[in-house]
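# Summary of the model geometry
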Amino acid sequence: MRNFLGDSDAYKRKMMWVAWPTIFKSKKMGGMGVKDMQLTRKSSKGKWIWRFSNVKKALWRRVLQKSFNNEVDSLIPVDDGKPHGRSMWKTILESSVFFNEHIVFKLKNGKGIKFWVDKWTTNGPLKDRYPTVYKASSQKTAFIADMIQEGILCLKSKKNLSAHEQLEWGLLCNELGHVPELVDEDDEVFILEYYTVKKGYEVQLLDNQDCKFFQIFVEKRYPSEGKFHVMGKLS
């Protein structure tokens, strides 16, 4: 493949006439339709996360929940952080990070969406944006329904909150606004609306292309520290 696209032979390698990102794109996206096996493998593993969120009564799902110490109503599997065992599913979770930005939760009874961990707000997981109060919380894996008592959002901690923790909790409550009204229906999750391996593959291609463009833009516009140093010497 490399010799064909670059007009190379066994004795001399020449310049590639087509960029690899273009080669890996589907024909519908303006590429040549050649599969990137690494992205295909990640997309296939992502299918298991989609199955986990949709096939709630399967035996393998219950076994996985028990293995990872996940609650029965969890919509997305979460690694409990233990260093040993469950290597296959740990690999699946690590490989499926690419579609985290494409997960949409629909809040209903609040028993399937984790308050701190899941991205159920527009700005991302609360644990990442309010790390101080998250660290103080004694309910790090709590569902939304567990955080609401008599229509009030409550925080449980092992000790009294410091002034900074109280301030951050107040900012969090102000961002959420009114307490979500829960209904007697199961929460829902949508991964790329309806996840397929093909969709997962195309999303990764687009994300990689955006990252590559940003990297080139930054490198051209903002020289590295070493380049600043050289420029300083020349002047």
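Note that the structure is a prediction, hence the values are computed from the model and not measured.

Let us look at the pattern of salt bridges. Per the stated rule, a full pass over the model turns up six salt bridges. The salt bridge involving Glu 185 is made with Lys 108; its shortest N-O contact spans 3.2 Å. In this pair, Glu 185 sits in the loop between helix 9 (163-176) and strand 4 (188-191) while Lys 108 sits in the loop between strand 1 (103-106) and helix 6 (126-129), placing the two residues 77 residues apart along the sequence. Judged by its relative accessible area of 45%, Glu 185 is partly exposed. In this structure Lys 108 comes out as buried when scored by relative accessible area, which is 12%. A salt bridge links Lys 108 to Glu 188; the shortest N-O distance between them is 3.2 Å. Pair noted here: Lys 108 is in the loop between strand 1 and helix 6 and Glu 188 is in strand 4, with a separation of 80 residues, a long-range link. What you see here is one network of salt bridges that share partners, running through Lys 108, Glu 185 and Glu 188.

This next bit is on the state of the cysteines. For the coordinates displayed, the defined rule picks out zero disulfides. Of all cysteine sulfurs, the one in Cys 173 lies closest to Cys 154, which takes part in no disulfide; the gap is 9.1 Å.

Attention now moves to unusual backbone geometry. A positive phi angle is found at Glu 150, which is not glycine, with a value near 55°. Structurally, the position occupied by Glu 150 is in the loop between strand 2 (148-149) and strand 3 (152-153).

Take the environment of Phe 143 next. Topologically, Phe 143 is positioned in the loop between helix 7 (131-136) and helix 8 (144-147). Residues Phe 143 and Ser 74, 69 residues apart in the sequence, show an inter-C-alpha distance of 8.6 Å. Contact partners of Phe 143, with chain neighbours within four places excluded, come to Glu 71, Asp 73, Ser 74, Gly 110, Lys 111, Gly 112, Ile 113, Lys 114 and Phe 115.

Let's shift gears to the nonpolar core. Among the nonpolar cores identified, the biggest contains 36 residues, and Phe 115, Trp 116, Leu 172 and Ile 191 are the most heavily contacted of them. Of all elements in the fold, only helix 3 (37-54), helix 5 (87-95), strand 1, helix 7, helix 8, helix 9 and strand 4 reach the threshold of two or more residues within this core. For Ile 191, the contacting residues outside a window of four places in its chain are Ile 49, Trp 50, Ser 53, Ile 76, Phe 99, His 102 and Ile 103. Listed in part, the five residues of the second largest apolar core include Phe 24, Leu 39, Tyr 201 and Leu 205.

This part takes up helix 9. In this model, helix 9 (14 residues) spans 20 Å end to end at C-alpha, consistent with the 20 Å of a helix rising 1.5 Å per residue. Listing the buried residues of helix 9 in full gives Glu 165, Glu 168, Trp 169, Leu 172 and Leu 176. Projected onto a plane normal to the axis of helix 9, the buried residues spread over an arc of 100° and lie on a single side. Residues Ala 163, Leu 167 and Asn 174 are exposed on helix 9 and point more than 90 degrees away from its buried face. Buried positions along helix 9 lie against helix 6, helix 7, helix 8 and strand 3. Backbone geometry just after helix 9 places Gly 177 at a positive phi near 75°.

This brings us to the packing of aromatic side chains. Going through the model one piece at a time under the given rule, you end up with five aromatic pairs. Arranged with centres 5.3 Å apart and planes meeting at 90°, the rings of Trp 48 and Trp 60 form a pair that is edge-to-face. Of this pair, Trp 48 sits in helix 3 while Trp 60 sits in helix 4 (residues 59-67), and the two are twelve residues apart along the sequence. Owing to a relative accessible area of 29%, Trp 60 belongs among the partly exposed residues under this scheme. Both rings, one in Phe 115 and one in Trp 116, keep their centres 5.1 Å apart while their planes meet at 85°; by these two values the pair is edge-to-face. Each member of the pair, Phe 115 together with Trp 116, is buried. Every member of this aromatic cluster is reached through a ring pair, and the members are Phe 115, Trp 116, Trp 120 and Tyr 134. The residue whose ring lies beneath Arg 51 is Trp 48, and the NZ or CZ to ring-centre distance is 4.9 Å. Lys 140 extends its terminal NZ or CZ atom over the ring of Tyr 134, reaching a point 5.6 Å from the ring centre.

Calculation notes
- Residues numbered from 1 in each chain as written.
- Predicted model: local features only at pLDDT ≥ 70, side-chain atom pairs only at ≥ 80, totals over all residues.
- Heavy atoms only, no water.
- Salt bridge = Lys/Arg side-chain N within 4 Å of Asp/Glu carboxyl O.
- Helix = DSSP H or I, 4+ residues; strand = E, 2+ residues; numbered from the N terminus.
- Buried < 20%, exposed > 50% of the residue type's maximum accessible area, 1.4 Å probe, protein only.
- Disulfide = S-S within 2.5 Å.
- Contact = heavy atoms within 4.5 Å.
- Core = buried A, V, L, I, M, F, W, Y, C linked by side-chain atoms within 4.5 Å.
- Expected span 1.5 Å × (residues − 1).
- Arc of directions from axis to C-beta.
- Phe/Tyr/Trp six-rings, centres within 6.5 Å; stacked < 30°, edge-to-face > 60°.
- Lys NZ or Arg CZ within 6 Å of the ring centre and 35° of its normal.

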